[in-house]
Amino acid sequence: MNDKVFEFKISEIENSLEQCLSKGITELSVHDNSLACDKGRVLRFFSKVQSVAPDLFVSVKINPKIIDNQLCQAAQNINCSLELDFKASEKGFDKKLLSKKCALLNNAGLVFGVQLYYADTLKDTLKLFKDRIDFAVAQYPNHIDFPQTENSDESALAKVTGIFSGQDIRYARNLAFACRTFYSAGRAVPWFVSVLAALKITASSFFADFSEWQKVNNCDYKSGFAPENVKHEEIEKMQLIFLTMKLEEKHTPNLLPLVTDIVQLNGAFSRLISDGTQSTVMTQYDPEDLLGPESMNLVAFEKDVCMEKCAVNVFLNEYGEVDFRCLQ
């Protein structure tokens, strides 16, 4: 399988889609501002991908304002991830609009990501940046990207202002990198909000604590650690070590078996989807319960659901769908 990613200008892509697969191109990153804001052009592009290159995975930048049911239906016909820019203006950003658009994407079962920035306007503050992280996580994006943490030139990361100091920038950078590691590389979207609720902590506070853990364990931004280059199993181990510490700190160690089950089971699903790896996960609870709506409230789940040890085999069924069964 060729896992290289090639990026083209939108005009080049539109004229050469039919040749992509023959050249071994499996993924396209289409982050063109003129396309992102033009719903009609996006629909035409999606239609062309569907007709001439349906096996391609396409990452497409989309202005949230153009998202509606028609666009969601078109996106369902191709293999794609929609990338939403949550860049704030001097007046902040419209949470009501963004939450409504993200709800449309979630209801349609679409994969989407969010881009966030810090110290990107003169009126930005560390508090506002934390608020943007908390808001973004609550929308259940598949991943949250921070372009500034991907730039090795620290002087180009952000600009110091009277209300966003150099110390604030370093703090925000570490916060962003922690999110990039734990949430995005850790594929935490299915369970992260539930864990935050059980811990009674905000996403930004959680990532601040994790950034300190990364520093102590030499896997922070300064160390040169690149979470995307690490096997997911290794990130999962980091997650469980840190979650064990947080549960003990919050005096809820009784939730550890449940949290461990949820993290490991969802991790097995994600690896099956990403690289076809089948596995068997030993759980303390029945997987049907773990994957049911009851697991959204971990505290209530732990009180109301009986433990039932299972060996859960995670596999692709005859229809090519993710499936599982309990082994005897």
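In short, a report on the structure. (Residues numbered from 1 in each chain as written. Predicted model: local features only at pLDDT ≥ 70, side-chain atom pairs only at ≥ 80, totals over all residues. Heavy atoms only, no water.)

**Digging into the overall build of the protein**
Here is step 1: On a plain count of helices and strands, the protein comes out with 13 helices and nine strands.
Here is step 2: Taking 20 Å as the expected radius of gyration for a compact globule of 328 residues, we find that the protein reaches 21 Å, a close match to that expectation.
Here is step 3: Over its C-alpha atoms, taken along the principal directions, the protein stretches across nearly 60 × 55 × 35 Å.
Here is step 4: Among the 328 residues that make up the protein, the fraction classed as buried is 48%.
Here is step 5: When contacts within the protein are restricted to residue pairs at least 6 apart in sequence, those whose partners lie at least 24 apart make up 69%.
Here is step 6: In the structure as shown, the protein presents an accessible area of about 16600 Å², 50% of it carried by carbon and sulfur atoms. (Helix = DSSP H or I, 4+ residues; strand = E, 2+ residues; numbered from the N terminus. Rg over C-alpha atoms; globule rule 2.2 N^0.38 Å. Buried < 20%, exposed > 50% of the residue type's maximum accessible area, 1.4 Å probe, protein only. Contact = heavy atoms within 4.5 Å. Areas by Shrake-Rupley, 256 points an atom, 1.4 Å probe, with all protein chains shown as cover.)

**Observations regarding helix α8 (residues 192-199)**
Here is step 1: Of all eight residues in α8, six are buried; the element is thus mostly enclosed.
Here is step 2: Every buried residue of α8 is listed here: F192, S194, V195, L196, A198 and L199.
Here is step 3: At its buried positions, α8 is contacted by α6 (126-138), α7 (166-185), α9 (203-216), α10 (232-249), α11 (256-275) and α13 (298-304).
Here is step 4: Positive backbone phi, at 55°, marks K200, one or two positions downstream of α8.

**What about the sheet that holds strand β7 (residues 279-283)?**
Here is step 1: Pairing is antiparallel across the open sheet formed by three strands, whose spatial order is β7-β8-β9. Two strands close off the open sheet at either side, each with one partner strand: β7 and β9 (322-327). The mean angle between the axes of side-by-side strands here comes to 30°, regardless of whether they run parallel or antiparallel.
Here is step 2: When β7 meets strand β8 (residues 310-316), the two strands line up antiparallel, connected through five bridges. Within the sheet, the bridge partner assigned to M282 lies in β8 and is A311. (Pairing = 2+ DSSP bridges. Axes fitted to C-alpha atoms, helices over the stretch in contact; angles between N-to-C directions.)

**Details of the packing of aromatic side chains**
Here is step 1: Enumeration over the complete set of coordinates arrives at 23 aromatic pairs.
Here is step 2: Pairing F182 with W191 gives two aromatic rings, centres 6.0 Å apart and planes at 75°, and the pair type is edge-to-face. For the residue pair F182 and W191, the accessibility class agrees, reading buried in each case.
Here is step 3: Ring geometry for W213 and F242: centres 6.4 Å apart, planes at 65°, overall edge-to-face. Note that W213 is positioned in helix α9 and F242 in helix α10, a separation of 29 residues in sequence. With respect to burial, W213 and F242 carry one shared label: buried.
Here is step 4: Ring pairing ties together the aromatic residues F182, Y183, W191, F192, F206, F207, F210, W213 and F242, which thus form one cluster.
Here is step 5: Sitting above the plane of the F315 ring, R325 keeps its charged end 4.2 Å from the centroid. (Phe/Tyr/Trp six-rings, centres within 6.5 Å; stacked < 30°, edge-to-face > 60°. Lys NZ or Arg CZ within 6 Å of the ring centre and 35° of its normal.)

**Quick word on the pairing of β8**
Here is step 1: With respect to burial, β8 is a largely interior element, six of its seven residues being buried.
Here is step 2: Bridge count between β8 and β9: six bridges; the pairing is antiparallel. Considered in β9, the bridge of V312 is made with C326.
Here is step 3: Between β8 and β9, which pair antiparallel in sequence order, lie five residues; one of them, G320, sits at a positive phi of approximately 75°.

**Some words on the nonpolar core**
Here is step 1: By size, the foremost hydrophobic cluster in this structure holds 101 residues, and its most contacted members are F45, F46, L82, F192, F206 and F207.
Here is step 2: Looking at this core, the element that brings in the most residues is α7, giving nine residues.
Here is step 3: For F46, the contacting residues outside a window of four places in its chain are V60, L71, A74, A75, I78 and L82. (Core = buried A, V, L, I, M, F, W, Y, C linked by side-chain atoms within 4.5 Å.)

**Describing the packing of α6 against α7**
A pair of packed helices is characterised by two quantities: the angle between their axes and the separation of those axes.
Here is step 1: Interaxial distance between α6 and α7 falls to 10 Å at its minimum, and their mutual angle equals 15°. Comparing the axis directions of α6 and α7 gives the class roughly parallel. Helix-helix and strand crossings are classified by hand; for α6 and α7 the assignment is right-handed. Contacts from L126, F129, K130, I133 and V137 in α6 reach D168, Y171, A172, L175, A176 and Y183 in α7. (Parallel < 35°, antiparallel > 145°, perpendicular 65-115°, else oblique. Left-handed = near helix turned anticlockwise from the far one by under 90°.)

**Focus on the side chain of Q148**
Here is step 1: Tracing the backbone shows Q148 in the loop between β6 (143-145) and α7.
Here is step 2: A polar side-chain atom of Q148 sits 2.9 Å from the main-chain carbonyl oxygen of Y118. (Polar contact = N/O pair within 3.5 Å; in protein donor to acceptor, adjacent residues only side chain to side chain.)

**Observations regarding the environment of C310**
Here is step 1: In this structure, C310 sits in strand β8.
Here is step 2: Given a relative accessible area of 8%, C310 falls into the buried group.
Here is step 3: Each C-alpha atom, one on C310 and one on V230, is 29 Å from the other, the two residues being 80 residues apart in sequence.
Here is step 4: In contact with C310, other than residues within four places in its own chain, are V281, M282, T283, Y285, D286, P287 and C326.

**A word on the environment of V314**
Here is step 1: Tracing the backbone through its elements, the reader meets V314 in strand β8.
Here is step 2: Classification of V314 by relative accessible area gives buried; the value is 0%.
Here is step 3: Beyond its immediate stretch of four places on either side in the chain, V314 contacts L265, A268, F269, L272, Q278, S279, D323 and F324.

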